[in-house]
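Descriptive structure summary
Below, each chain spelled out in residue letters.
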Amino acid sequence: MLLQRISHCFKYTSVLFNKAYQKRLLSTGSNLNLTEIREQLSQFQGGHVDLSYRGDNGCIAVISLLHSGRMNALTGSMCVSLYDIIRQLSTSEEHKAVVVRGLQGHFCAGADLNMLKKMADPANGERFSYFMQETLCSLRHLPTPIYAAVQGNILGAGAELLVACDFVIASPQTNIQFVQGRMGIVPGLAGAVHLVEKVGYHKALDILLMEKGMDANTALPKGLVDYLLPPPGELSDDILLDLSLEVIEARLKGLAPQVIRGLKSVAINSHRLSYSEAVTHERNVFKSLWGAESNLQAFRSNLKHKKK
């Protein structure tokens, strides 16, 4: 009964957000259909996106991007796979965190140019934006913390994927650039919104206006990178993931899965919902966890006053 109560509380918030988000999307995209856009994007093949599980008891979900020879540029089929994986994770209660990474030394060099050239008109641009906003906003609102484990190039749509994550763990061998302005456009995948949320308006605008990219050392004080890995040079995919998992597991150590989800929920909804809705939601999550086994165990162990 307790787990059902906690789960219902978190799902309530997801419903609140999704209803408001869908209403906003539909108000500006009433003629757009996700199923039709999905079919269109699926025609642009190449690369793949996979889901695996790592960490203790497989409690950390890992999303891996691979488009060999193209620095993991997103094809249409990769966008569809990413959407499907995020939908799958949104209903799963088995994981404590999600990691997004790119393979073969790069995170993501943006959307595949061959696809973009064939969709270079306003109607197709809107369709692509609509589908990817749905995808990345759903990623942003997964119930657990989202970590990007990155190195190499992160360009354009790849940078928008980056800021849809809650935290960025970066190798020094990282190059981040919002190239949209140089391409005569603006971010269209909710990237500007998420960037402002992450670093604030003035820093976000400065980043968007930058002519050149920035490495992880430069991005760290701007708030675009949260954890900087040691600098042994370029890391293998496995080492980058292992180091990132160490950071994540150290941060989440001792926290029950339902507590992690509760903390993510109250934090992200503090600015997604109205003030009164956010306060009410925080109280509901607090109520659902108060007296739960993790809370009672903390009382029994007197954890509040124990020094780490």
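Residues numbered from 1 in each chain as written. Predicted model: local features only at pLDDT ≥ 70, side-chain atom pairs only at ≥ 80, totals over all residues. Heavy atoms only, no water.

**So, the overall build of the protein chain**
Of the regular secondary structure elements, the protein chain holds 13 helices and 6 strands. Sorting the 308 residues of the protein chain into buried and exposed places 49% on the buried side. Residue pairs in contact within the protein chain that sit at least 24 positions apart in sequence constitute 73% of those at least 6 positions apart. Summing over all exposed atoms, the protein chain offers an accessible surface of approximately 15500 Å²; the carbon and sulfur share of this is 55%. (Helix = DSSP H or I, 4+ residues; strand = E, 2+ residues; numbered from the N terminus. Buried < 20%, exposed > 50% of the residue type's maximum accessible area, 1.4 Å probe, protein only. Contact = heavy atoms within 4.5 Å. Areas by Shrake-Rupley, 256 points an atom, 1.4 Å probe, with all protein chains shown as cover.)

**What about the pattern of salt bridges?**
A pair can form between side chains of opposite charge whenever their charged atoms are brought close. Summed over the entire model, instances satisfying the criterion amount to 9 salt bridges. The salt bridge partner of aspartate 112 is arginine 70, with a shortest N-O separation of 3.1 Å. Here aspartate 112, found in the loop between strand E3 (97-102) and helix H4 (113-118), pairs with arginine 70, found in the loop between strand E2 (60-66) and helix H3 (76-90); they are 42 residues apart in sequence, far enough to count as distant. Take arginine 70: its relative accessible area is 33%, and that puts it in the partly exposed class. Of the charged contacts, one joins lysine 198 and aspartate 226 as a salt bridge, the two residues approaching to 2.8 Å between their closest N and O atoms. Of the two residues, lysine 198 sits in helix H7 (residues 191-199) while aspartate 226 sits in the loop between helix H9 (216-222) and strand E6 (227-228), which places them 28 residues apart along the sequence. Residue classification places aspartate 226 among the partly exposed positions, given a relative accessible area of 31%. Overlapping salt bridges, with partners in common, bring together Arg140, Glu197 and Arg272 in one network. (Salt bridge = Lys/Arg side-chain N within 4 Å of Asp/Glu carboxyl O.)

**Considering the pairing of strand E4 (residues 146-155)**
In terms of residue burial, E4 counts as a mostly covered element, since 10 of its 10 residues are buried. Where E3 and E4 come together, 4 bridges link them in parallel fashion. What sits directly across from arginine 101, in E4, is alanine 149. Of the pairings in the sheet, the one linking E4 to strand E5 (residues 167-177) comprises 8 bridges and is parallel in character. Within E5, the residue paired with leucine 155 across the bridge is glutamine 177. Assessed by its sense of winding, the connection that carries the chain from E4 through helix H6 (residues 157-163) to E5 is right-handed. (Pairing = 2+ DSSP bridges. Right-handed = clockwise from strand over helix to strand, strands pointing away.)

**Some thoughts on the packing of aromatic side chains**
Within this structure, the stated rule accounts for 5 aromatic pairs. Here tyrosine 83 and phenylalanine 131 contribute two aromatic rings whose centre-to-centre distance is 5.1 Å and whose plane-to-plane angle is 40°, an arrangement assigned as tilted. Here the residue tyrosine 83 occupies a position in helix H3, and phenylalanine 131 occupies one in helix H5 (residues 122-140), the gap between them amounting to 48 residues. Across the pair, exposure class does not vary: tyrosine 83 and phenylalanine 131 are buried alike. (Phe/Tyr/Trp six-rings, centres within 6.5 Å; stacked < 30°, edge-to-face > 60°.)

**Topic: the packing of H7 against helix H8 (residues 201-209)**
The N-to-C vectors of H7 and H8 enclose an angle of 130°; their axes lie 7 Å apart at closest approach. As far as their axial angle goes, H8 and H7 are oblique. Handedness of the crossing formed by H7 with H8: right-handed. From H7, Ala192, Leu195, Val196 and Val199 reach across to H8, where they touch Tyr201, Lys203, Ala204, Ile207 and Leu208. Along the lines of polarity and charge, the residues of the contact of H7 with H8 split into 8 nonpolar, no polar and 1 charged. (Axes fitted to C-alpha atoms, helices over the stretch in contact; angles between N-to-C directions. Parallel < 35°, antiparallel > 145°, perpendicular 65-115°, else oblique. Left-handed = near helix turned anticlockwise from the far one by under 90°. Nonpolar A, V, L, I, M, F, W, Y, C, P; charged D, E, K, R; others polar.)

**A short note on the confidence of the model for the protein chain**
Any residue range with low pLDDT should be treated as having predicted coordinates unsuitable for detailed reading. The predicted model of the protein chain averages 90 in pLDDT, with 88% of residues at 70 or higher. Throughout residues 15-19 the model reports pLDDT below 50, and contacts reaching past four residues in sequence, or to other chains, amount to 5 contacts. (pLDDT = per-residue confidence, 0-100.)

**Details of the pairing of E3**
Of all 6 residues that make up E3, 6 are buried, and the element is covered over most of its length. Side chains Ala97, Val99 and Arg101 of E3 all project onto a buried face; the interleaved residues Val98, Val100 and Gly102 project onto the opposite face, where all are buried too. Relative to E3, E2 runs parallel, the two being bridged by 6 bridges. Directly across from isoleucine 63, in E3, lies its bridge partner valine 100. Following the backbone out of E2, through H3 and into the adjacent parallel E3, one traces a crossover that is right-handed.

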